[in-house]
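# Overview (structure and organization)
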Amino acid sequence: MKLESILLPGIENKRPLVISGPCSAESEEQVMKTARELAKAGIKIFRAGIWKPRTKPGGFEGIGAIGLPWLQKVKEETGMYTAVEVATKGHVEEALAHGVDILWIGARTTANPFAMQEIADALVGVDIPVLIKNPVNPDLELWIGAIERIYNAGIRKIGVIHRGFSSYDKKVYRNLPQWHIPIELRRRMPSLPIICDPSHIGGKRELIAPLSQQAMDLGFDGLIIESHICPDCAWSDKDQQITPESLDVILNTIVIRDETQSTENLTTLRRQIDDLDDQLLELLAKRLRISKEIAVFKKEHSMPVLQTGRYDEIMTKRIKQAEDMGMHGDFVKIILEAIHEESVRTQLDLINK
Ligand code: PEP
Ligand code: MN
């Protein structure tokens with residue numbers, strides 16, 4: 001993939017690239033007031049949802065095309081670029097007709113290849129940056145498929161937005177970050193800029209700063225943060241919107257660690273990590289070998305592969321042990337489950353041979 005920079009003229013090439021504005025455009029006054037404050041805080045790209053894909057009917061589904069002239073006014077008055085979510089061919093056409101500078105594709109749309117193709121077809125011959133949010137479900141291939149559809153339409157200014165993934169039990173986050181997914185995307189497509197959306201990941205104001213910091217520490221390129229002149233009055237996503245003033249505070253507080261510093265110490269530490277990874281792999285291989293020996297034993301004695309009691313015991317004991325060692329139980333549980341699953345798979349293979 002040969003991509004071009006998503007940075008438009010006048011936007012500095014430095015981390016983080018910031019996009020901010022309300023979840024939804026609600027009124028000309030709300031849009032203009034928010035935009036003026038953001039411009040004062042030095043924000044260069046203004047976002048606003050015009051068409052809102054809501055999970056259930058009856059919620060605020062966006063002000064629609066009548067809000068587009070408000071965005072034109074934002075541009076004229078503040079000089080900010082404007083960004084809008086598009087989900088259909090009609091949205092693309094209307095946004096372009098109103099001089100919108102950047103388009104983004106929402107998580108529900110990315111998950112639908114038909115919708116993605118329709119948008120891609122509408123973009124043939126157009127030169128505009130397009131930001132593609134991750135699909136609601138944690139499916140990297142589906143995300144990459146959406147990126148490829150836009151690329152195949154001839155768009156070269158492509159970026160992605162990590163907004164977390166839906167999960168059934170929402171505890172801390174509205175959408176689970178599952179950082180390994182955008183990190184794997186970076187490994188697969190290193191030139192693709194990644195923007196983090198802490199507003200939709202966290203779902204609450206107090207999570208915006210820590211999530212933004214985490215995204216910067218992971219080397220993400222930008223942040224898209226919802227802001228509203230009166231967050232508590234917002235017609236959509238009010239719990240996660242912040243004032244332009246709070247945004248300014250957060251942006252001035254997050255620490256951008258300089259990548260160009262001397263990497264000598266880092267090299268030594270990385271060597272140690274490489275070494276430990278080698279040891280981990282060897283241990284895993286050894287564990288699997290023993291598990292195969294157990295399979296032979298089970299086969300000879302006509303025992304079932306899975307012994308639930310034993311599995312429970314291993315999990316409970318090891319998770320406790322890991323927690324005593326200062327690790328998160330959830331983290332170790334995922335690893336142990338994966339190891340156990342592979343072990344069962346190998347044993348089944350052997351026994352059924
Ligand atoms: C939004 O950005 O307001 C939005 C609808 O986000 P998402 O597609 O990530 O849910
Ligand atoms: Mn929103």
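Residues numbered from 1 in each chain as written. Chains lettered and ligands numbered in written order. Predicted model: local features only at pLDDT ≥ 70, side-chain atom pairs only at ≥ 80, totals over all residues. Heavy atoms only, no water.

## Notes on the environment of Trp104
Here Trp104 lies in strand β4 (residues 102–105). Considering only alpha carbons, one finds Trp104 and Glu85, 19 residues apart in sequence, at a separation of 4.7 Å. When sequence neighbours within four positions are dropped, the list of residues in contact with Trp104 reads Arg47, Ala48, Gly49, Ala83, Val84, Glu85, Val86, Leu131, Lys133 and Ile161. (Helix = DSSP H or I, 4+ residues; strand = E, 2+ residues; numbered from the N terminus. Contact = heavy atoms within 4.5 Å.)

## Focus: the environment of Gln72
Mapped onto the secondary structure, Gln72 falls in helix α2 (residues 68–78). Separated by ten residues in sequence, Gln72 and Thr82 place their C-alpha atoms 8.1 Å apart.

## Side note on the packing of helix α6 (residues 140–152) against helix α7 (residues 180–188)
Contact geometry of α6 with α7 gives a least axis separation of 10 Å together with a crossing angle of 50°. With respect to their mutual orientation, α6 and α7 come out oblique. Here α6 and α7 pass one another in a crossing that is right-handed. Side by side, α6 and α7 meet where Leu140, Glu141, Trp143, Ile144 and Ile147 of the first sit next to Ile181, Pro182, Glu184, Leu185 and Arg188 of the second. Residue composition of the contact of α6 with α7, by class: seven nonpolar, no polar and three charged. (Axes fitted to C-alpha atoms, helices over the stretch in contact; angles between N-to-C directions. Parallel < 35°, antiparallel > 145°, perpendicular 65-115°, else oblique. Left-handed = near helix turned anticlockwise from the far one by under 90°. Nonpolar A, V, L, I, M, F, W, Y, C, P; charged D, E, K, R; others polar.)

## Points about the pairing of strand β6 (residues 158–162)
The buried count for β6 comes to five of five residues, which makes it a mostly enclosed element. Here β6 shows a buried face lined by Ile158, Val160 and His162 and a second buried face lined by Gly159 and Ile161. In terms of strand pairing, strand β5 (residues 130–133) meets β6 through four bridges, oriented parallel. In the sheet register, Ile132 faces β6, and the bridge partner there is Val160. Taken together, β5, α6 and β6 constitute a β-α-β crossover, and its handedness is right-handed. In terms of strand pairing, β6 meets strand β7 (residues 194–196) through three bridges, oriented parallel. Residue pairing for β7: Ile161 is matched across the bridge by Ile195. Assessed by its sense of winding, the connection that carries the chain from β6 through α7 to β7 is right-handed. (Buried < 20%, exposed > 50% of the residue type's maximum accessible area, 1.4 Å probe, protein only. Pairing = 2+ DSSP bridges. Right-handed = clockwise from strand over helix to strand, strands pointing away.)

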